[in-house]
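Remarks on the overall topology
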Amino acid sequence: MSTDIKFAITGVPTTPSSNGAVPLRRELRELQQNYPEQFNLYLLGLRDFQGIDEAKLDSYYQVAGIHGMPFKPWAGVPSDTDWSQPGSSGFGGYCTHSSILFITWHRPYLALYEQALYASVQAVAQKFPAEGGLRAKYVAAAKDFRAPYFDWASQPPKGTLAFPESLSSRTIQVVDVDGKTKSINNPLHRFTFHPVNPSPGDFSAAWSRYPSTVRYPNRLTGASRDERIAPILANELASLRNNVSLLLLSYKDFDAFSYNRWDPNTNPGDFGSLEDVHNEIHDRTGGNGHMSSLEVSAFDPLFWLHHVNVDRLWSIWQDLNPNSFMTPRPAPYSTFVAQEGESQSKSTPLEPFWDKSAANFWTSEQVKDSTAFGYAYPETQKWKYSSVKEYQTAIRKSVTALYGSNVFVNFVENVADRTPALKKPQATGEESKSTVSAAAAHAVELSGAKKVAEKVHNVFQHAEEKAQKPVVPVKDAKAESSTAAGPIPESLKYLAPDGKYTDWIVNVRAQKHGLGQSFRVIVFLGEFNPDPETWDDEFNCVGRVSVLGRSAETQCGKCRKDNANGLIVSGTVPLTSALLQDIVGGELQSLKPEDVIPHLRANLKWKVALFNGDEYNLEEVPDLKVSVASTEVTIDEEGLPHYSRQYTVYPEITEGKPCGHGPEDHI
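Residues numbered from 1 in each chain as written. Predicted model: local features only at pLDDT ≥ 70, side-chain atom pairs only at ≥ 80, totals over all residues. Heavy atoms only, no water.

Side note on the nonpolar core
The biggest cluster of nonpolar side chains holds 167 residues, and the ones touching the most others in it are Tyr42, Phe408 and Trp504. Sorting elements by how many residues they give to this core places helix 4 (residues 102-125) first, with 14 residues. Residues Ile522, Phe528, Cys541 and Ala609 belong to the second largest nonpolar core, which totals six residues. (Core = buried A, V, L, I, M, F, W, Y, C linked by side-chain atoms within 4.5 Å. Buried < 20%, exposed > 50% of the residue type's maximum accessible area, 1.4 Å probe, protein only. Helix = DSSP H or I, 4+ residues; strand = E, 2+ residues; numbered from the N terminus.)

Next comes the structure, spelled out in structure tokens:
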């Protein structure tokens, strides 16, 4: 893939201001709305970057190829053994997924991408005509340019889709370097290979068929179907926001927060991870296209916006937990330069990323602070605060502003408009409710939820006759925003006396490579259409755990070793918002265990689907186990949740269900 050249990863060379300030990586939609010159440069610079000769070390093609295919050494980092021979100990790339190095390895990788993109942005800025100050304007904007992120867990701006049009449109308007406004092929929509296989065999036959990256490809034509993404992101947004909030405000241990490898000592409250959420986005936005496969995902322009956001979430968490960092662990695999069994720690070289001296590799300890690469995020401007306490308080306020201060506020912001006015009936104990009064139907109509529910559940006939009377009218709950007096909306306060309530989660674990391909475990609360094609849009879909597995024939050496060792990964689906939805719908009385246990026993379900949309038999998924746990939460005067971190597991909910956790099973 490249010659023996030591390529120094510097990020954007930056001299901090006297107070320590550095330029910010900004959210994509904010960049487009408030920094139009930088957004314009981003599009033109990315187009230029993508057009660089694929044979060059710093081309888009070669930088993306570090992540997987074509599985060749990059920048003078050779194999310890003959990497070209399948099964050899050094074969298989630089993969750090499901390992302690997952999030730290990606930071210098993103810095390399940003370094190359920045160079293209600077070159493009110089091409604008000098007349009328146009060049000067763009050169000034280019100076502080940094790679943007797509915050997939925040509420989209009013009137916009959950997946921005700037990512899904095939063409986009720019001011080109001649100063004229024109429409160009959107470099955020796809990367077009030139050619697909610059060296014979760079891609497998399955991926060689695509001249450009695709999302949700049509099974017959291979055409990208980006329109599928927005409704899928929107349908599970409540779960996603709760998951991000849970990780940032509840998790205190770096190992538990950062990656998804499960072990028998895993605490029930630590099944989730940033890597688990990261996997969900690869799944939801890829749909069996490039983003869905880690071997080729980095070629999709969305990959970089996604991973910059993952990096941002780590930055936020790390500054809230500055004293927690990785625990040394034995390397479970061999890579180009690392041998199985060696200790992985904060001093482990992050190959193939040479540091600024080009004499050594970056280490996790060196990249712990993002300013090492000359950037920060809107939430991590620590130079603005006089003390760590003041800074961390500001971070928490930013987190709650973006993802909701607590589950009750999140509910009225995310779910109330989707309250199950026309859900199929749920069971109480072993029986289904099927009656509804005219008053209930009237309340549903007033709530505004009927229109949403009808649209999502048009596959169900006579659903209106089965609506349940809301205990709390949805329109009243929705009217109480997060700015209402008190940390909990007034109409929901009875569910958290003295600010205390029981929070519920579904935990999932399974062999990562057990199916020889990627799959998702989708959790439902209530009835759903048996057609798996509808599951992504199901109203009763609570959330998912996405497992990015690979085949036994993969070129990824780590993945082969993980497969041989039966690696198990885990994930969490927050459940409390869905329970609140049922409380408002009149199907559940409270969040107390005595009410929730029989409700979940009767209504909690899960299914497995492959990334191509086909259903897969639950009981044929190796080591799949689904459990339910809860913990006590106290909401303070500012509305912030404080998790007890003492979890109770309820085998009586899942026992006897396919792959359900039983009383004799290890959690």
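Side note on the pairing of strand 10 (residues 519-525)
Successive side chains on a regular strand alternate, one facing one side of the sheet and the next facing the other. The buried fraction of strand 10 is high, at seven of seven residues. Inspection of the sheet shows strand 10 paired to strand 11 (residues 541-547) by six bridges, in the antiparallel sense. Each residue of the ladder has a partner; that of isoleucine 522, found in strand 11, is arginine 544. One ladder, built from seven bridges, connects strand 10 with strand 13 (residues 604-610); its direction is antiparallel. In the strand pairing of strand 13, phenylalanine 524 is matched with lysine 605. (Pairing = 2+ DSSP bridges.)

Section: the packing of aromatic side chains
Under the counting rule described, the total for this entry stands at 35 aromatic pairs. Between the aromatic rings of tryptophan 354 and phenylalanine 361, the centroid separation amounts to 4.1 Å while the plane-to-plane angle is 25°, which identifies the pairing as stacked. Residue classification places phenylalanine 361 among the buried residues on the basis of a relative accessible area of 17%. With 5.7 Å between their ring centres and 35° between their planes, tyrosine 385 and tyrosine 391 make a pair best called tilted. Over the ring of tyrosine 375 we find arginine 25, and its NZ or CZ is 3.4 Å from the ring centre. Sitting above the plane of the tyrosine 251 ring, arginine 645 keeps its charged end 5.1 Å from the centroid. (Phe/Tyr/Trp six-rings, centres within 6.5 Å; stacked < 30°, edge-to-face > 60°. Lys NZ or Arg CZ within 6 Å of the ring centre and 35° of its normal.)

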